[in-house]
Amino acid sequence: MQKVQSADSQANAARAQADDGTQANTPVRPSNLETEGGAEEFKPLSAEEAQALMARLDSVSPWRVLAVQVVGGSVVAAVAWLLTGSRPVLWSVLYGALAVVLPNAVLARGMTRGTRGSDARTRAMGSALGFFIWEGAKVALTVAMLFAAPRLVEGLSWPALLVGLVLTMKMMWVAWVARPKREI
C-alpha cells in the first residue's frame, strides 16, 4: 500500500511541475550516480590487453573434461560391478556414461574447430550460431541414445544407467576443481 501511495504522490508532483511550466519528463537521478561529465567512457581492450586478460583467466579444455568423464564413468561402472556383481548393471552404468561422453565429444569437436570469417563480428556470430547448432546435436544424440538403450543393453537397469549418466555428467566439476592453477 505504501508503494502505491508513493507512486501516486510522484505522479501528482510531476503534474504540478507540468502546471508550473517546468519539464515533467526530466529523469530523476539518484544522488549516488555520477554525472555525465564524471562518468568513465568505455574503452575497448587492445589485442595485447585481451591476450593478457585471457592468460590470467582460469579455463579447462573440453578434451580434459572428456578425459575426466571417461575415467569417472569407468570408475563408477567398476564400483557398481564390485557392489552388485551383475553384468547388466555394469553395462547399464557404462552405457549411461557413454550417453554423456559421446554427445559431449561431438559438442567439443564442433566447438573447437576454427571459426571462419574475416572480422571479429563474423567470428563471434559464427561461434554463437555454432554453439546452438552443436548443443542441439548433443541433446538430440543424448535423447536418441537413451531411447535406444533398451534395445542395445541386454537386461537394462534404468537406475544403474541413470547413476552412470548423472555421476559422469558431474565429473565436469572434478575437472574444473582439479584444473592446473595459473600464477597471476
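Below, the structure is looked at part by part. Everything numeric here is computed off the predicted structure, so don't read it as measured data. Residue numbers restart at each chain and count upward from 1, following the sequence in its written direction. Note on the predicted model: pLDDT of at least 70 is required for a residue's local features to be given, and 80 or more for side-chain atom pairs to be given and counted; whole-chain, interface and lining totals, by contrast, use all residues. Water and hydrogen atoms play no part in the side-chain values, which are based on all heavy atoms of the structure.

Description of the packing of aromatic side chains
- Only Phe, Tyr and Trp rings are paired, with Trp represented by its six-membered ring, and only when their centres lie within 6.5 Å; those with planes under 30 degrees apart are stacked, over 60 edge-to-face, the remainder tilted. Applying the stated rule across the entire model yields one aromatic pair.
- Seen from their ring centres, F131 and F132 are 5.6 Å apart, and the 65° between their planes marks the pair as edge-to-face.

Concerning the packing of helix α3 (residues 62-84) against helix α6 (residues 158-169)
- Throughout, an axis means a line fitted to C-alpha atoms (over the contacting stretch in the case of helices), and angles, computed between N-to-C directions, take values from 0 to 180 degrees. Note on conventions: DSSP H or I runs of at least 4 residues are helices, E runs of at least 2 residues are strands, and numbering of each starts at the N terminus. α6 packs onto α3 with a crossing angle of 145° between their chain directions and a minimal axis gap of 9 Å. Relative to α6, α3 is oriented so that their crossing is right-handed. Along the contact surface, α3 presents Q69, G73 and V76, while α6 presents V163, G164, L167, T168 and M169.
- Throughout, the ten residues Ala, Val, Leu, Ile, Met, Phe, Trp, Tyr, Cys and Pro are labelled nonpolar, Asp, Glu, Lys and Arg are labelled charged, and all others, Gly among them, are labelled polar. In the contact of α3 with α6, the residues fall into four nonpolar, four polar and no charged. Helix crossings are classified by the rotation of the near helix relative to the far one: an anticlockwise turn of less than a right angle makes the crossing left-handed, while a clockwise turn makes it right-handed. Only heavy atoms enter the contact rule, under which two residues are in contact if any of them lie within 4.5 Å.

As for the nonpolar core
- For our purposes a nonpolar core is just a set of buried Ala, Val, Leu, Ile, Met, Phe, Trp, Tyr and Cys residues, chained together by side-chain atoms within 4.5 Å. With a 1.4 Å probe rolled over the protein chains alone, any residue whose accessible area is under 20% of its type maximum counts as buried; one over 50% counts as exposed, and the rest are partly exposed. Of all hydrophobic cores here, the largest spans ten residues; its members are Y95, A99, V100, M145, A148, A149, V153, L156, L161 and L165.
- Those elements that provide at least two residues to this core are α4 (87-112), α5 (120-152) and α6.
- Contact partners of A99, with chain neighbours within four places excluded, come to T142, M145, L146 and L165.
- Of all hydrophobic cores here, the second largest spans seven residues; its members include A77, A80, V89 and L90.

Some points on the layout of surface pockets
- Points on a 1 Å grid, built from protein atoms alone, make a cavity when a 1.4 Å probe fits but cannot get out and make a pocket when they are open with protein on both sides within 12 Å along at least 5 of 7 lines; residues with an atom within 4 Å of a point are the lining residues. Grid points are joined across faces, edges and corners, and a volume is the space filled by probe spheres set on the points. By volume, the largest pocket amounts to about 420 Å³.
- For the lining of the largest pocket, the secondary structure elements donating two or more residues are α3, α4, α5 and α6.
- At eight residues, the largest contribution of residues to the lining of the largest pocket is made by α4.
- In terms of residue class, the lining of the largest pocket is made up of 14 nonpolar, four polar and two charged.

Side note on the pattern of salt bridges
- We define a salt bridge as a side-chain nitrogen of Lys or Arg found within 4 Å of a carboxyl oxygen belonging to Asp or Glu. Following the criterion strictly, the structure yields two salt bridges and no others.
- In this structure, K43 and E49 form a salt bridge, with 3.4 Å as the shortest nitrogen-oxygen distance.
- Owing to a relative accessible area of 57%, K43 belongs among the exposed residues under this scheme.
- For E135, the salt bridge is made with K138, and the minimal N-O distance between the two is 3.8 Å. In this pair, E135 and K138 both sit in helix α5, three residues apart, roughly one turn of the helix.
- Overall, E135 belongs to the partly exposed group, its relative accessible area being 23%.

Overview of α6
- To estimate how far a helix should extend, the number of its residues minus one is multiplied by 1.5 Å. Given a rise of 1.5 Å per residue, twelve residues ought to cover 16 Å, and the 16 Å separating the end C-alpha atoms of α6 matches this to within 8%.
- Of all the positions in α6, only A160, L161, G164, L165 and T168 are classed as buried. In a view along the axis of α6, the buried residues occupy a sector of 135°, so they form one face of it. By construction, the arc corresponds to the directions joining the helix axis to the C-beta atoms.

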